[in-house]
Amino acid sequence: MPEELTYTQDKFTFHVATDRYYNAAGVWAKAEGNLITVGVSDFFQQHNGDVAFVDVAEVGTAVSAGDEFANIETIKVDIELPGPVSGVVAAVNEALELQAELINQDPYGAGWLARVEASDWTSDRAALMTPQQYLEHVKIQAQAEA
Amino acid sequence: MSNPKRIIIVPCSGIGKTYGTVSREAAYEVIEELRPQTSQLVPLSKLVLGDEEARTAVSENQVITIDGCSLACAAKMVEVGDGSVAKEFAVLDAYRRHRKLKPRGIAELNEGGQQLAHVLAEEVAEVVDELQGGQDA
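Residues numbered from 1 in each chain as written. Chains lettered and ligands numbered in written order. Predicted model: local features only at pLDDT ≥ 70, side-chain atom pairs only at ≥ 80, totals over all residues. Heavy atoms only, no water.

## Points about the overall build of chain A
Thought 1: Across its full length, chain A holds four helices and 11 strands.
Thought 2: Rg of the C-alpha trace for chain A: 14 Å, near the compact-globule value of 15 Å for 146 residues, within the 12% margin.
Thought 3: Reported as C-alpha extents along the three principal axes, the dimensions of chain A are approximately 45 × 35 × 25 Å.
Thought 4: Relative to its 146 residues, chain A shows a buried fraction of 47%.
Thought 5: Of all intrachain contacts in chain A linking residues separated by at least 6 positions in sequence, the fraction that spans at least 24 positions is 62%.
Thought 6: Only carbon and sulfur atoms are counted for the fraction: they give 48% of the accessible area of chain A, which is about 6900 Å².
Thought 7: For chain A, the separation between the mean place of its 7 positive charges and that of its 23 negative charges on side chains is 9 Å. (Helix = DSSP H or I, 4+ residues; strand = E, 2+ residues; numbered from the N terminus. Rg over C-alpha atoms; globule rule 2.2 N^0.38 Å. Buried < 20%, exposed > 50% of the residue type's maximum accessible area, 1.4 Å probe, protein only. Contact = heavy atoms within 4.5 Å. Areas by Shrake-Rupley, 256 points an atom, 1.4 Å probe, with all protein chains shown as cover. Lys, Arg positive; Asp, Glu negative; His and termini not counted. Charge placed at Lys NZ, Arg CZ, Asp CG, Glu CD.)

Encoded structure:
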């Protein structure tokens with residue numbers, strides 16, 4: 001369980017894991033060497049509801065930061081997710097095929113989407129938000145919709 | 001409201017929610033068309049309001065719930081109403097089994113939503129029969 005920052009509004013508490021970086025769409029990236037694990041934030045999953053299906057770029061696909069790398073269908077919306085990192089997809093979370101609800105249940109752990117072999121993580125990381133910055137982003141979004 | 005010979009069906013009350021509408025359409029099909037003699041609907045809103053007749057119905061009969069999402073309000077409210085759920089259905093699970101039947105619309109479901117409600121209704125009707133011991137199938 002990673003350390004977390006939290007923001008509570010009304011009956012909702014949003015968690016932001018502190019060991020990774022985020023883009024504005026709520027996609028996180030966590031580096032282990034040059035291998036970057038990618039998933040969606042707790043705010044993303046609470047905001048968009050129960051996930052019905054997720055389609056992720058196949059292993060071996062070249063992806064670019066900012067371009068769509070996955071599509072998530074929830075009970076509320078269909079969302080094209082912009083990737084946080086450029087490189088080649090090295091693995092996808094096959095468990096999501098039968099258990100898409102893992103994204104809702106454990107967005108920072110078992111609900112990860114893909115692992116990407118990064119081509120330039122240092123540059124990509126510089127364009128992402130730190131956990132504290134993302135928490136502020138969540139506050140603004142949550143307050144705007146209150 | 002209570003008929004001890006009938007299976008009680010409690011659908012989601014999510015007004016303005018596509019999956020809630022699917023759950024209610026499935027419940028209507030079961031009680032009005034598929035198993036009118038052996039099933040009976042109790043509105044979730046009556047349980048929420050503490051309606052005595054509704055609480056009696058769920059506490060004295062076997063209950064099937066059809067929830068729209070993982071909040072499972074129907075199942076939870078049956079338990080709050082001193083009932084026990086014999087079988088829980090979830091629209092999302094049904095959709096995962098039938099991805100081509102993508103539900104859209106709220107007041108009026110699209111074709112996929114109508115078909116999904118029908119598939120779900122048939123699954124619920126089978127459970128009604130099982131709970132009735134197959135006597136009224």
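## A short note on helix 1 (residues 18–34) of chain B
Residue and element names in this part refer to chain B.
Thought 1: With 17 residues, helix 1 should cover 24 Å at 1.5 Å per step; its first-to-last C-alpha distance of 22 Å lies within 8% of that length.
Thought 2: Of all 17 residues making up helix 1, 12 are buried, and the element is well covered by its neighbours.
Thought 3: Among the residues making up helix 1, those that are buried are Thr18, Tyr19, Gly20, Thr21, Val22, Ser23, Arg24, Ala26, Ala27, Glu29, Val30 and Ile31.
Thought 4: Contacts from the buried residues of helix 1 go to strand 1 (7–11), strand 2 (39–41), strand 3 (63–67), helix 5 (91–97) and helix 6 (111–131). (Expected span 1.5 Å × (residues − 1).)

## A word on the nonpolar core
Thought 1: One finds B:Ile9, B:Ile64, B:Ile66 and B:Val124 to be the most contacted residues of the largest nonpolar core, which totals 29 residues.
Thought 2: Among the elements that line this core, the one with the most residues is helix 6 of chain B, at eight residues.
Thought 3: Apart from the residues lying within four places of it in its own chain, the contact partners of B:Ile9 are B:Ala27, B:Val30, B:Ile31, B:Ser39, B:Gln40, B:Leu41, B:Val42, B:Ile64, B:Ile66, B:Val124 and B:Val128.
Thought 4: One finds A:Ala57, A:Val63, A:Leu102 and A:Trp121 within the second-largest nonpolar core, a separate group that totals 27 residues. (Core = buried A, V, L, I, M, F, W, Y, C linked by side-chain atoms within 4.5 Å.)

## Considering the pattern of salt bridges
Thought 1: Scanning all chains against the criterion turns up 12 salt bridges over all chains.
Thought 2: The residue B:Asp129 makes a salt bridge to B:Arg35 at a minimum N-O spacing of 2.7 Å. With B:Asp129 in helix 6 and B:Arg35 in the loop between helix 1 and strand 2, this pair connects stretches of sequence that are 94 residues apart.
Thought 3: Judged by relative accessible area, which is 11%, B:Asp129 ranks as buried.
Thought 4: Salt bridges here are not isolated pairs; linked through shared partners, they connect A:Glu73, A:Asp78, B:Lys102 and B:Arg104. (Salt bridge = Lys/Arg side-chain N within 4 Å of Asp/Glu carboxyl O.)

## As for the interface of chain B and chain A
Thought 1: Listed as interface residues are nine residues of chain B and, on the opposing side, 10 residues of chain A.
Thought 2: Between chain B and chain A, roughly 990 Å² of surface is buried when both sides are summed, and carbon and sulfur atoms account for 44% of that area.
Thought 3: Where chain B packs against chain A, one counts five salt bridges.
Thought 4: Between chain B and chain A we count eight residue pairs in polar contact (both at pLDDT 80 or more) in total.
Thought 5: Among the elements that take part in the side of chain B that touches chain A, helix 5 of chain B stands out by supplying three residues, more than any other. (Buried area = accessible area lost by both parts, 1.4 Å probe. Polar contact = N/O pair within 3.5 Å; in protein donor to acceptor, adjacent residues only side chain to side chain.)

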